[in-house]
Amino acid sequence: MQQVAAEVEELSLAERAYRAIRDRLVMLEIRPGAPINEERLGQSLGVGRTPVREALKRLQYERLITTYPRRGTFATEVNITDLAHISEVRLELEPLAAAQAARRATAADRANLTALRAELEDGGLGRDPAALMRLDLRVHRAVYTATHNPYLEDTLVRHDNLATRIWCLFVDRLSGMAGHVEEHGPLIAAIVAGDADRAARLARSHVEGFERAVREAI
């Protein structure tokens, strides 16, 4: 029993390390190209090296870090040429996710999305880019969770993470950022109302607007 408990604890630590490191990479708090130091990451997160190593394995698969023989592990560079490939995937899957969320969202999902919509409408975030982007991530992840399709959710979380890194890279040049995030309000309303067709249309428009804004900022 003690061994089982230890394994469960190790898994929970690895998951905590994964989520924390992932979001640091996504928000560019760990800069593109920066070396990844397992010991320092573990110390900053209050976990040992084993959970960090497990987290890094997942993050390499998700294209957020890369390892070079005899050189070490580094945060991946943000390449603007990836935008077209990422958008190609998201233009197909984001509308599907929004529609499925409208069809499948539970009462708990709808309550969570409604709370996020209230945050969007509150205006308390002002125009702080980091806060806006974190809210954007939370909304997207809540929609993906509401699809109740773990394969779709996993795929879209990974692609949204990569898209957000591009957004973070050009944030100083982007105009109308707050408006882009606030577009989620009508999308959430459509999902909560169970309007799958409208949710899909709004999701597609949102991805198209993101790609257009980034290209205009380049």
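## Considerations on the overall build of the protein chain
Then, number 1: When you go through the protein chain residue by residue, the secondary structure sums to 10 helices and two strands.
Then, number 2: When the helices and strands of the protein chain are placed in sequence order, the string is α-α-α-β-β-α-α-α-α-α-α-α.
Then, number 3: Expected size for 218 residues packed as a compact globule is a radius of gyration near 17 Å; at 18 Å, the protein chain falls within 12% of this value.
Then, number 4: Seen through its principal axes, the protein chain has C-alpha atoms that stretch 50 × 50 × 35 Å.
Then, number 5: Out of the 218 residues belonging to the protein chain, those deemed buried represent 46%.
Then, number 6: The contacts in the protein chain between residues at least 6 apart in sequence include a share of 76% that link residues at least 24 apart.
Then, number 7: Surface exposure of the protein chain reaches about 11,600 Å², of which carbon and sulfur atoms provide 50%.
Then, number 8: Looking at the protein chain, you have 30 positive and 32 negative side-chain charges, and the mean spots of the two groups are 3 Å apart.

## Points about the packing of helix H4 (residues 82-104) against helix H10 (residues 196-217)
Then, number 1: Relative to each other, H4 and H10 sit at 155 degrees, their axes nearing to 7 Å. Overall, the two elements H4 and H10 adopt an arrangement that is roughly antiparallel. Crossing hand, H4 versus H10: right-handed. For the pair formed by H4 and H10, the contact residues are Leu83, Ala84, Ser87, Arg90, Leu91, Glu92, Glu94, Pro95, Ala98, Ala99, Ala102 and Arg103 on the first element and Ala196, Ala199, Ala200, Ala203, Arg204, Val207, Glu208, Phe210, Glu211, Val214 and Arg215 on the second.
Then, number 2: Along the lines of polarity and charge, the residues of the contact of H4 with H10 split into 14 nonpolar, one polar and eight charged.

## Regarding the packing of aromatic side chains
Then, number 1: Here the structure, examined in full by the defined rule, presents two aromatic pairs.
Then, number 2: Ring centres of tyrosine 68 and phenylalanine 74 lie 5.9 Å apart, and the angle between their planes is 55 degrees; this geometry places the pair in the tilted category.
Then, number 3: Taking the relative accessible area as the measure of exposure, tyrosine 68 reaches 36% and is therefore partly exposed.
Then, number 4: Judged by its relative accessible area of 15%, phenylalanine 74 falls in the buried class.
Then, number 5: Ring geometry for tryptophan 167 and phenylalanine 210: centres 6.1 Å apart, planes at 80 degrees, overall edge-to-face. In this pair, tryptophan 167 sits in helix H7 (residues 150-169) while phenylalanine 210 sits in helix H10, placing the two residues 43 residues apart along the sequence.

## Focus: the confidence of the model for the protein chain
Then, number 1: Per-residue pLDDT for the protein chain has a mean of 90; in total, 91% of the residues score no lower than 70.
Then, number 2: Looking over the protein chain, one finds the lowest element-wise mean pLDDT in helix H1 (residues 2-26), namely 74, and the highest in helix H9 (residues 184-192), namely 97.
Then, number 3: Under a pLDDT of 50 for its full length, residues 1-10 has, in the predicted model, two contacts with residues more than four places off or in other chains.

## Focus: the environment of glutamate 121
Then, number 1: Within the secondary structure, glutamate 121 is located in helix H5 (residues 107-122).
Then, number 2: Distance from glutamate 121 to cysteine 168, taken between C-alpha atoms, is 22 Å for residues 47 residues apart in sequence.

## Here we look at the pairing of strand S2 (residues 72-75)
Then, number 1: Across four bridges, strand S1 (residues 65-68) lies against S2 in antiparallel orientation. Looking at S2, one finds that threonine 66 is bridged to phenylalanine 74.
Then, number 2: Counting the residues in the hairpin turn of S1 and S2 gives three residues, including arginine 70, whose phi is positive at 65 degrees.

Cut-offs applied
- Residues numbered from 1 in each chain as written.
- Predicted model: local features only at pLDDT ≥ 70, side-chain atom pairs only at ≥ 80, totals over all residues.
- Heavy atoms only, no water.
- Helix = DSSP H or I, 4+ residues; strand = E, 2+ residues; numbered from the N terminus.
- Rg over C-alpha atoms; globule rule 2.2 N^0.38 Å.
- Buried < 20%, exposed > 50% of the residue type's maximum accessible area, 1.4 Å probe, protein only.
- Contact = heavy atoms within 4.5 Å.
- Areas by Shrake-Rupley, 256 points an atom, 1.4 Å probe, with all protein chains shown as cover.
- Lys, Arg positive; Asp, Glu negative; His and termini not counted.
- Charge placed at Lys NZ, Arg CZ, Asp CG, Glu CD.
- Axes fitted to C-alpha atoms, helices over the stretch in contact; angles between N-to-C directions.
- Parallel < 35°, antiparallel > 145°, perpendicular 65-115°, else oblique.
- Left-handed = near helix turned anticlockwise from the far one by under 90°.
- Nonpolar A, V, L, I, M, F, W, Y, C, P; charged D, E, K, R; others polar.
- Phe/Tyr/Trp six-rings, centres within 6.5 Å; stacked < 30°, edge-to-face > 60°.
- pLDDT = per-residue confidence, 0-100.
- Pairing = 2+ DSSP bridges.

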